[in-house]
Amino acid sequence: MKNPTELRQDFLRNVQLRHLRCLVAVAQERHLARAAGRLALSQPAVSKTLSELESIVGTRLVERSKAGRRGVQGLTPAGEQLLTHALRVLEALDASAQAVAPASGERVERLRIGALPSVAPALLPAALARLRDGWPSVQITVKSAANAVLLDELRAGELDLVVGRMSDPRLMGGLSFELLHTEPLVFAVRAGHPLALAALKAATVQAVLAYPLVVYGEGTIPRHNTESFLSARGLVLPTNALQTLDVAVARALVAVSDAVWITPLGAARGELSDGRLVRLRIDTAGTEEPVGLLQRSDAEPSALRGAMAALLREAAKQQGALPPKRKARRSP
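Note that the structure is a prediction, hence the values are computed from the model and not measured.

1. Digging into the overall build of the protein chain
Right, so step 1: Summing up its helical and strand segments, the protein chain has 13 helices and 13 strands in all.
Right, so step 2: The buried share among the 332 residues of the protein chain stands at 42%.
Right, so step 3: Once local pairs closer than 6 in sequence are excluded, the contacts in the protein chain between residues at least 24 apart make up 74%.
Right, so step 4: Counting every atom, the protein chain has about 17400 Å² of accessible surface; 54% of that belongs to carbon and sulfur.

Right, dumping it as structure tokens:
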């Protein structure tokens, strides 16, 4: 068996950029065929490149899906460690290429933001508008998805920062979390809804269940909190509740029907403030969830990313929900 020095020498001598790019593509796509398309290679070529890399490092890096040869369940712990270094190498090369580009060439800075559908409406618009004032040429993309998806893409280097929630410790490896604010669940209905007309009397949860419900999809934290809230009262979520992560669809449906939307406050804050929606008088204490800023712990400092983080903190502060002290929490 080779000693650590021999293994290191073999790695430095044999690993090529194509190996690292392949690992990153597979980690981000979680599918060999999609990774192949992204790299403009055949699937057998991607499989061969991965096998070469695993042979060089002497251990398995990718967990193949049992359902099919093309699927990828994820990276092994060794794969996750190597991915971190691969991303840093590729990012350094990209920065070097930018540095030696002709002075007349246009350098395009980009920022890739991930945000939960329930969080984005309250925090992102003001922050993005102010960022554009200071960084007029930056290329910005915003992806809205479930928390687990966003964290996977952040860890794989596909996103630069995420506005989301803490997750299972196993999914927080290599990520830092900074609390921005906490928000509870609310029961929101259209103005004029029968349950909202009794303004002086609190609505009951049992009364709410007599109406169509709009809830978040299975596996999301708002959905878990909704079911826990009902369970604590001896109730269950009706099987015919409409499930969606699309807050625009939820808002529109509630605005034209008697449906009740059970949602984190941030997703409905604007409509509740201007009176388009009404918050039912139902005590939801205990459903508060922390919302925060997540970044890769090993990411190189970035003025652009730092500026966006500062604007998100300010947006949270303006909502009156920012805690007096902000401490970054770094996962081990």
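2. Quick notes on helix α3 (residues 32-39)
Right, so step 1: Listed in full, the buried residues belonging to α3 are L32, A35 and A36. Relative to the axis of α3, the buried residues are bounded by an arc of 100° and lie together on one face.
Right, so step 2: Among the residues trailing α3, A40 stands out with phi positive, at a value near 60°.

3. Looking at the pairing of strand β4 (residues 139-144)
Right, so step 1: Relative to β4, strand β3 (residues 110-115) runs parallel, the two being bridged by six bridges. Looking at the pairing, G114 lines up with K143 of β4.
Right, so step 2: A crossover connection joins β3 to the parallel β4 through helix α6 (residues 120-134); in handedness this β-α-β unit is right-handed.

4. Considering the packing of aromatic side chains
Right, so step 1: Overall, the coordinates contain one aromatic pair when judged by the stated rule.
Right, so step 2: Sitting over the ring of F229, R233 keeps its end group 3.7 Å from the ring centre.

5. What to know about the side chain of T226
Right, so step 1: For T226, the position within the fold is in helix α10 (residues 221-231).
Right, so step 2: Within the local environment of T226, its side chain forms a polar contact with the backbone oxygen of P222, the two atoms lying 2.8 Å apart.
Right, so step 3: The residues contacting T226, other than those within four sequence positions of it, are L185, V215, L237 and I262.

6. Overview of the packing of helix α2 (residues 17-29) against helix α4 (residues 43-57)
Right, so step 1: Closest axis-to-axis distance for the α2/α4 pair is 9 Å, and the angle between their directions is 110°. Classified by the angle between their axes, α2 and α4 sit roughly perpendicular to one another. As α2 runs across α4, the sense of the crossing is left-handed. Across from R18, H19, C22, L23 and V26 in α2, the residues of α4 making contact are V46, T49, L50, E52, L53 and I56.

7. Thoughts on the side chain of T287
Right, so step 1: Topologically, T287 is positioned in the loop between β11 (277-279) and β12 (289-296).
Right, so step 2: There is a polar contact of 3.0 Å between the side chain of T287 and the backbone nitrogen of L185.

8. Here's the deal with the packing of α3 against α4
Right, so step 1: Contact geometry for α3 and α4: axes closest at 8 Å, N-to-C directions at 100°. In terms of axis orientation, α3 runs roughly perpendicular to α4. Where α3 abuts α4, its residues L32, A33, A36 and L39 lie against Q43, V46, S47 and L50.
Right, so step 2: Split into classes, the residues belonging to the contact of α3 with α4 amount to six nonpolar, two polar and no charged.

9. Some remarks on helix α11 (residues 247-255)
Right, so step 1: Turning to α11, its buried residues are V247, A250 and V254. Seen along its axis, α11 keeps its buried residues to an arc of 60°; they face one direction.
Right, so step 2: Next to the buried residues of α11 lie α6, β7 (185-190), β8 (213-215), β10 (260-264), α12 (265-274) and β11.
Right, so step 3: Among the residues of α11, the N-terminal cap falls to D246, whose side-chain oxygen and the backbone nitrogen of A248 are separated by 3.0 Å.

The rules behind the values
- Residues numbered from 1 in each chain as written.
- Predicted model: local features only at pLDDT ≥ 70, side-chain atom pairs only at ≥ 80, totals over all residues.
- Heavy atoms only, no water.
- Helix = DSSP H or I, 4+ residues; strand = E, 2+ residues; numbered from the N terminus.
- Buried < 20%, exposed > 50% of the residue type's maximum accessible area, 1.4 Å probe, protein only.
- Contact = heavy atoms within 4.5 Å.
- Areas by Shrake-Rupley, 256 points an atom, 1.4 Å probe, with all protein chains shown as cover.
- Arc of directions from axis to C-beta.
- Pairing = 2+ DSSP bridges.
- Right-handed = clockwise from strand over helix to strand, strands pointing away.
- Phe/Tyr/Trp six-rings, centres within 6.5 Å; stacked < 30°, edge-to-face > 60°.
- Lys NZ or Arg CZ within 6 Å of the ring centre and 35° of its normal.
- Polar contact = N/O pair within 3.5 Å; in protein donor to acceptor, adjacent residues only side chain to side chain.
- Axes fitted to C-alpha atoms, helices over the stretch in contact; angles between N-to-C directions.
- Parallel < 35°, antiparallel > 145°, perpendicular 65-115°, else oblique.
- Left-handed = near helix turned anticlockwise from the far one by under 90°.
- Nonpolar A, V, L, I, M, F, W, Y, C, P; charged D, E, K, R; others polar.

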